[in-house]
Amino acid sequence: QVQLVESGGGLVQPGGSLRLSCAASGFTFSRYVMSWYRQAPGKERELVARMSSAGIFTNYADSVKGRFTISRDNAKNTVYLQMNSLKPEDTAVYYCNANSGTAWPRNDYWGQGTQVTVSS
């Protein structure tokens, strides 16, 4: 069974840091593009960060560039999101996503989400 399990969310003060983890199982992790999305109350889900299967290429939302870093450990089937200099507007549910990209068959998997709250 395919599983993506996020962890590491919580309550943090503005300017603080958190590291999210997403543990994957049930598919060939090293072949998948991994991404972090987030959804704040009243807003649509948005892409936060994305990393290619080999970890060479990344892209970030402009709002988090320079503050967040995505990384992956293919040997551990885990993707991370290091979040620094957190702002209240970063408050959202953060979701892990796995996508097969240009490979066939095409698959798209989602985790259950983890809450991040930035508040003083």
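Predicted model, so just to flag it, every value in this text is computed and none were measured. (Residues numbered from 1 in each chain as written. Predicted model: local features only at pLDDT ≥ 70, side-chain atom pairs only at ≥ 80, totals over all residues. Heavy atoms only, no water.)

Caption draft 1: Highlighting the nonpolar core. Counting residues in hydrophobic clusters, the biggest one holds 30 residues, and the most contacted among them are L4, W36, L81, M83 and Y94. Listing elements by their share of this core, those giving two or more residues are β3 (18–25), β4 (33–39), β5 (46–51), β7 (68–73), β8 (78–83), β9 (92–99) and β11 (114–118). (Core = buried A, V, L, I, M, F, W, Y, C linked by side-chain atoms within 4.5 Å. Buried < 20%, exposed > 50% of the residue type's maximum accessible area, 1.4 Å probe, protein only. Helix = DSSP H or I, 4+ residues; strand = E, 2+ residues; numbered from the N terminus.)

Caption draft 2: Examining the sheet that holds strand β1 (residues 3–7) more closely. Taken together, the 4 strands give an open sheet; going across it, the order is β1-β3-β8-β7, and neighbouring strands pair in antiparallel fashion. Looking at strand neighbours, the two that pair on one side only are β1 and β7, the edges of this open sheet. Each strand axis lies, on average, 15 degrees off the axis of its neighbour in the sheet, ignoring direction. Pairing of β3 with β8 involves 6 bridges; the strand directions are antiparallel. Paired with A23 across the two strands is T78, which belongs to β8. (Pairing = 2+ DSSP bridges. Axes fitted to C-alpha atoms, helices over the stretch in contact; angles between N-to-C directions.)

Caption draft 3: Structural context of the side chain of R72. Here R72 is to be found in strand β7. Although R72 lies buried, it forms no salt bridge, and the closest oppositely charged side chain, D73, sits 8.4 Å away as judged by the N-O distance. Within polar-contact distance, the side chain of R72 engages the backbone oxygen of Y32 at 2.8 Å. Side-chain polar atoms of R72 contact the backbone oxygen of S53, separated by 3.4 Å. Excluding anything up to four places from it in sequence, R72 contacts F29, S30, Y32, V33, M34, M51, S52, S53, G55, T78 and V79. (Lys, Arg positive; Asp, Glu negative; His and termini not counted. Salt bridge = Lys/Arg side-chain N within 4 Å of Asp/Glu carboxyl O. Polar contact = N/O pair within 3.5 Å; in protein donor to acceptor, adjacent residues only side chain to side chain. Contact = heavy atoms within 4.5 Å.)

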